[in-house]
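Observations on chain architecture
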Amino acid sequence: MLQTLYDYFWWERLWLPVNLTWADLEDRDGRVYAKASDLYITLPLALLFLIVRYFFELYVATPLAALLNIKEKTRLRAPPNATLEHFYLTSGKQPKQVEVELLSRQSGLSGRQVERWFRRRRNQDRPSLLKKFREASWRFTFYLIAFIAGMAVIVDKPWFYDMKKVWEGYPIQSTIPSQYWYYMIELSFYWSLLFSIASDVKRKALGPASSLQDFKEQIIHHVATIILISFSWFANYIRAGTLIMALHDSSDYLLESAKMFNYAGWKNTCNNIFIVFAIVFIITRLVILPFWILHCTLVYPLELYPAFFGYYFFNSMMGVLQLLHIFWAYLILRMAHKFITGKLVEDERSDREETESSEGEEAAAGGGAKSRPLANGHPILNNNHRKND
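Residues numbered from 1 in each chain as written. Predicted model: local features only at pLDDT ≥ 70, side-chain atom pairs only at ≥ 80, totals over all residues. Heavy atoms only, no water.

1. Some points on the overall build of the protein
Each helix and strand counted, the protein has 13 helices and two strands in total. Buried positions account for 45% of the 389 residues belonging to the protein. Restricting the contact set of the protein to residue pairs at least 6 apart, pairs at least 24 apart contribute 80%. (Helix = DSSP H or I, 4+ residues; strand = E, 2+ residues; numbered from the N terminus. Buried < 20%, exposed > 50% of the residue type's maximum accessible area, 1.4 Å probe, protein only. Contact = heavy atoms within 4.5 Å.)

This is the structure we're talking about:
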């Protein structure tokens, strides 16, 4: 049974053009070809990435955060209360007024004490500023190095300048060590992101969308990326794959650097980098990717051989990624518009910590400086009164 499934999964007609077999891609005459078994190394490498990340965040990102005066903030913890904790975990983190009154009677606390307990409990679940800075630092470092390495791998190749050469001789295209390691490192990194996604900062979409929605989109993105990289390797779509990976890395490090400056309080620098990121993202993901790369993978192969399952599969996964890019581009443009028109006061993605005072209490206090809402432990300032970086 298992052998039958294995044989069917690796049937040449699924993954290779007509009249070609896996035997045509066996190493010979000093030429090395991509094999599915090469990808086994990515799982232990992913675990190695998690170890390297741990030490990077501890010995590089944390001292850097200290230099930028980013520190852990002491948070008041919600006192143990079985009734409120059960409601928090099963029914919701922000009870309505009717539910607050019911919980008040059940727990023996006043309504204000119940509201205060839920504020503190929500704050406990929010990632600290230092944790977010460490994570952004790690991703910035990888994406920057990966982009530089990726460009070094492809910039001297003829298919970087002439897309038709991507398919010259396909699929009998041998691999070189730089392509091998570029693929293994990129795939290992995305495996490590998938392994750590449950403990990483769950970011909100660029606006009012819930963090759960963005969390699902992250999983879809990581899974689609892993499938694309893996398939493009053992189906020998390596030339196209290196172009796609370098294209994605070209803007990711800009976003992570903008986050780092945002967490450090360098708002002007953050905003300027974000505008550059938005421009690069739009050009690479909504212009170059669909009109050059997707055109290359959709049109040129049909000039050489009839469409087969692997052709449809690869381009379908590319379509999934492109839809995500369109969705994210819409959110980015909306945020950029708010920034340009002066309507953006703070990073919409930030998961702002709640103050001890409720909105009603703040209003009663007269709205003075002490009652202003906090962002990352500091009062939010009006845009017109910000200091320069």
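2. Structural notes on the packing of aromatic side chains
Following the criterion strictly, the structure yields 42 aromatic pairs and no others. Considering the side-chain rings of Y88 and F118, the 6.3 Å spacing of their centres and the 40° angle between planes classify their relative orientation as tilted. Taken together, the residues span a long stretch of sequence, with Y88 in helix 4 (residues 82-90) and F118 in helix 6 (residues 111-125) at a distance of 30 residues. Assessed through its relative accessible area of 3%, Y88 is described here as buried. Ring plane angle 25° and centroid distance 5.8 Å describe the contact between F147 and Y253, whose orientation is recorded as stacked. Here F147 is found in helix 7 (residues 129-154), whereas its partner Y253 is found in helix 10 (residues 238-263), with 106 residues between them in sequence. For the pair F147 and Y253, one class covers both residues: buried. (Phe/Tyr/Trp six-rings, centres within 6.5 Å; stacked < 30°, edge-to-face > 60°.)

3. Focus: helix 3 (residues 42-67)
Compared with the 38 Å implied by 1.5 Å per residue over 26 residues, the 35 Å span of helix 3 between its first and last C-alpha is a close match. Those residues of helix 3 that fall on the buried side of the exposure criterion are T42, L45, A46, F49, R53, F56, E57, A61 and A65. Buried-residue contacts for helix 3 involve helix 7 and helix 8 (177-196). Following helix 3 by one or two positions, N69 adopts a phi angle in the positive range, close to 65°. (Expected span 1.5 Å × (residues − 1).)

4. Some points on unusual backbone geometry
P171 follows Y170 through a cis peptide bond whose omega is 0°. Tracing the backbone through its elements, the reader meets P171 in the loop between helix 7 and helix 8. Within the chain, N69 stands out as a residue other than glycine whose phi angle is a positive 65°. The residue N69 is located in the loop between helix 3 and helix 4 in this model.

5. Regarding the environment of T297
Examined against the element boundaries, T297 turns out to sit in helix 11 (residues 267-298). Put simply, T297 and Y311 are 14 residues apart on the chain and 8.2 Å apart in space, counted from C-alpha to C-alpha. With residues near it in sequence (within four places) discarded, T297 still touches W167, A240, Y311, F314 and N315.

6. Brief notes about the packing of helix 3 against helix 7
Across the interface, helix 3 lies against helix 7 with an axial gap of 9 Å and an inter-helix angle of 115°. Our pair here, helix 3 against helix 7, has a crossing hand that is right-handed. In this structure, helix 3 contributes F49, V52, R53, F56, E57, A61, T62, L64 and A65 to the contact, and helix 7 contributes L130, F133, R134, E135, S137, W138, T141 and F142. Tallied by class, residues from the contact of helix 3 with helix 7 come to ten nonpolar, three polar and four charged. (Axes fitted to C-alpha atoms, helices over the stretch in contact; angles between N-to-C directions. Left-handed = near helix turned anticlockwise from the far one by under 90°. Nonpolar A, V, L, I, M, F, W, Y, C, P; charged D, E, K, R; others polar.)

7. Regarding a nonpolar patch on the surface
On the surface, L48, I51, V52, Y54, F55, L58, Y59 and V60 cluster together into a nonpolar patch covering about 780 Å² of accessible area. Judged by relative accessible area, which is 48%, I51 ranks as partly exposed. (Patch = residues over 30% accessible without salt bridge, like charges linked within 9 Å, V, L, I, M, F, W, Y side chains within 5 Å. Areas by Shrake-Rupley, 256 points an atom, 1.4 Å probe, with all protein chains shown as cover. Salt bridge = Lys/Arg side-chain N within 4 Å of Asp/Glu carboxyl O.)

8. Considering the pattern of salt bridges
Overall, the coordinates contain eight salt bridges when judged by the stated rule. For K35, the salt bridge is made with D27, and the minimal N-O distance between the two is 3.1 Å. For K35, a relative accessible area of 30% gives the class partly exposed. Given the relative accessible area of 42%, D27 is considered partly exposed. E135 serves as the salt-bridge partner of R139, at 3.5 Å between the closest nitrogen and oxygen. Of this pair, R139 and E135 both sit in helix 7, four residues apart, roughly one helical turn. The exposure class of R139 is buried, given its relative accessible area of 11%.

9. Examining the side chain of N315
Here N315 shows up in helix 12 (residues 309-340). Among the polar contacts made by the side chain of N315, one reaches the side chain of T297 at a distance of 2.8 Å. Not counting chain neighbours up to four residues away, the residues in contact with N315 comprise L294, T297 and L298. (Polar contact = N/O pair within 3.5 Å; in protein donor to acceptor, adjacent residues only side chain to side chain.)

10. Re the packing of helix 5 (residues 97-107) against helix 6
Running from N to C, helix 5 and helix 6 point in directions that differ by 105°, and their axes come no closer than 9 Å. One way to sum up the angle between helix 5 and helix 6 is to call them roughly perpendicular. Where helix 5 abuts helix 6, its residues Q97, V100, L103, S104 and S107 lie against G111, V114, E115 and F118. Of the residues that constitute the contact of helix 5 with helix 6, the class distribution is four nonpolar, four polar and one charged. (Parallel < 35°, antiparallel > 145°, perpendicular 65-115°, else oblique.)

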